[in-house]
Amino acid sequence: MTADGSRDSTGFEEFARANQRRLYRTAYLLCGDAESARDLTQTTLAKLFQYWHRASKADQPAAYARTVLTRTYLAERRRRLRDFLAHSHVDAPPSAVGPELTVTLLAALAELPPRARAMVVLRYWEDLGVQTVAELLRCSESTVKSQCSRSLATLRTRLGDPHLYTTRS
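For the structure given in this document, a descriptive report is provided here. (Residues numbered from 1 in each chain as written. Predicted model: local features only at pLDDT ≥ 70, side-chain atom pairs only at ≥ 80, totals over all residues. Heavy atoms only, no water.)

## Description of the pattern of salt bridges
Side-chain pairs of opposite charge can arise whenever the charged atoms involved come near each other.
So, step 1. As enumerated under the stated definition, the model contains three salt bridges in all.
So, step 2. Between Arg22 and Glu126 there is a salt bridge; the shortest N-O distance is 2.8 Å. Linking Arg22 in helix H1 (residues 10–31) with Glu126 in the loop between helix H6 (114–125) and helix H7 (130–137), this pair joins segments that are 104 residues apart in sequence.
So, step 3. In this structure, Glu126 engages Arg66 in a salt bridge whose closest nitrogen and oxygen atoms are separated by 3.7 Å. One end of the pair, Glu126, is in the loop between H6 and H7; the other, Arg66, is in helix H4 (residues 61–87), and 60 residues separate them in sequence.
So, step 4. On the basis of relative accessible area, Arg66 is assigned to the buried category, the value being 13%. (Salt bridge = Lys/Arg side-chain N within 4 Å of Asp/Glu carboxyl O. Helix = DSSP H or I, 4+ residues; strand = E, 2+ residues; numbered from the N terminus. Buried < 20%, exposed > 50% of the residue type's maximum accessible area, 1.4 Å probe, protein only.)

Pasting the structure below:
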C-alpha cells in the first residue's frame, strides 16, 4: 500500500507482463486446453496481485508464482472431482489417438490423476528437481520419485513405441 492507501501495482504489472506466457504454458500443460489454462493463469495472477506485498519479497517471485499456479490447479481439480463424484458414475475416459505428438501427449497426460500430472509437468517440462517439486506439492521426495516413475510407465504404455515419435517418415 502506498501513503494514500492505494496498492502499488507497478511492480506487479511488470512481473505479470514478464511471466504471463511462462505461467500460461505451464497452465496449458496442466489443464490440457487453452480456455482452462487462461482461467488458471488469470486466477493465479489475481492471487499474486492480492498478496503481491508477500510475493514481491520472495527470493524468486517466478517460483512463488509457479507454486501458486500449481496449488490453484490441484485445488480446482479436487473441487471438480469431488463435485463430479457426488453427482455421477465414473467411467473410464476414452483413449484419444491423434496424428500429432502434441495432441497424443496431451491426451495421455489428461489420463493421469491431477497430482501425478502436476509432478510430471513440473519435473520434466519445467525441469525442476525432485526436492523442489516435493516442496511445491508438500510431499516427500520419495513420493515424487515413485509417482513420476509410475506416471512415466503409464505414459509409455499409453503412447506405445517411442520409435514412432522419434523418427521421421
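## Observations concerning H6
So, step 1. For H6, spanning 12 residues, the distance from its first C-alpha to its last is 15 Å, which sits close to the expected 16 Å at 1.5 Å a residue.
So, step 2. Within H6, burial applies to Pro114, Ala116, Arg117, Ala118, Met119, Val120, Val121 and Leu122.
So, step 3. The first or second residue beyond H6 is Asp127, which carries a positive phi of 60 degrees. (Expected span 1.5 Å × (residues − 1).)

## A short note on the packing of H1 against helix H2 (residues 34–50)
When two helices pack together, their arrangement is captured by the angle between the axes and the distance separating the axes.
So, step 1. Packing of H1 against H2 leaves a shortest axis separation of 8 Å and a crossing angle of 140 degrees. The angle between the axes of H1 and H2 places the two elements in the oblique class. H2 is crossed by H1, and the crossing has right-handed handedness. Residues Phe12, Phe15, Ala16, Gln20, Leu23, Tyr24, Ala27, Tyr28 and Cys31 of H1 touch H2, and the partners they reach there are Ala34, Ser36, Ala37, Arg38, Leu40, Thr41, Gln42, Leu45, Leu48 and Phe49.
So, step 2. Residues that form the contact of H1 with H2 fall into these classes: 14 nonpolar, four polar and one charged. (Axes fitted to C-alpha atoms, helices over the stretch in contact; angles between N-to-C directions. Parallel < 35°, antiparallel > 145°, perpendicular 65-115°, else oblique. Left-handed = near helix turned anticlockwise from the far one by under 90°. Contact = heavy atoms within 4.5 Å. Nonpolar A, V, L, I, M, F, W, Y, C, P; charged D, E, K, R; others polar.)

## With respect to the side chain of Thr41
So, step 1. Along the chain, Thr41 turns up in helix H2.
So, step 2. Exposure remark for Thr41: the relative accessible area of 2% places this residue in the buried category.
So, step 3. Ignoring any residue separated from it by four or fewer positions in sequence, one finds Thr41 in contact with Gln20, Leu23, Tyr24, Ala27 and Leu69.

## Overview of the packing of aromatic side chains
The geometry of two aromatic rings is summed up by the distance between their centres and the angle between their planes.
So, step 1. Under the counting rule described, the total for this entry stands at four aromatic pairs.
So, step 2. A centroid spacing of 5.5 Å and a plane angle of 75 degrees characterise the contact between Phe12 and Trp52, whose relative ring orientation is edge-to-face. Note that Phe12 is positioned in helix H1 and Trp52 in helix H3 (residues 52–55), a separation of 40 residues in sequence. For the pair formed by Phe12 and Trp52, the shared burial category is buried.
So, step 3. Between Tyr24 and Tyr28, the ring centres sit 6.3 Å apart and the planes meet at 35 degrees, which makes this aromatic pair tilted. Placement of the pair is Tyr24 and Tyr28 together in helix H1, with a separation of four residues, close to one helical turn.
So, step 4. Classification of Tyr28 by relative accessible area gives partly exposed; the value is 27%. (Phe/Tyr/Trp six-rings, centres within 6.5 Å; stacked < 30°, edge-to-face > 60°.)

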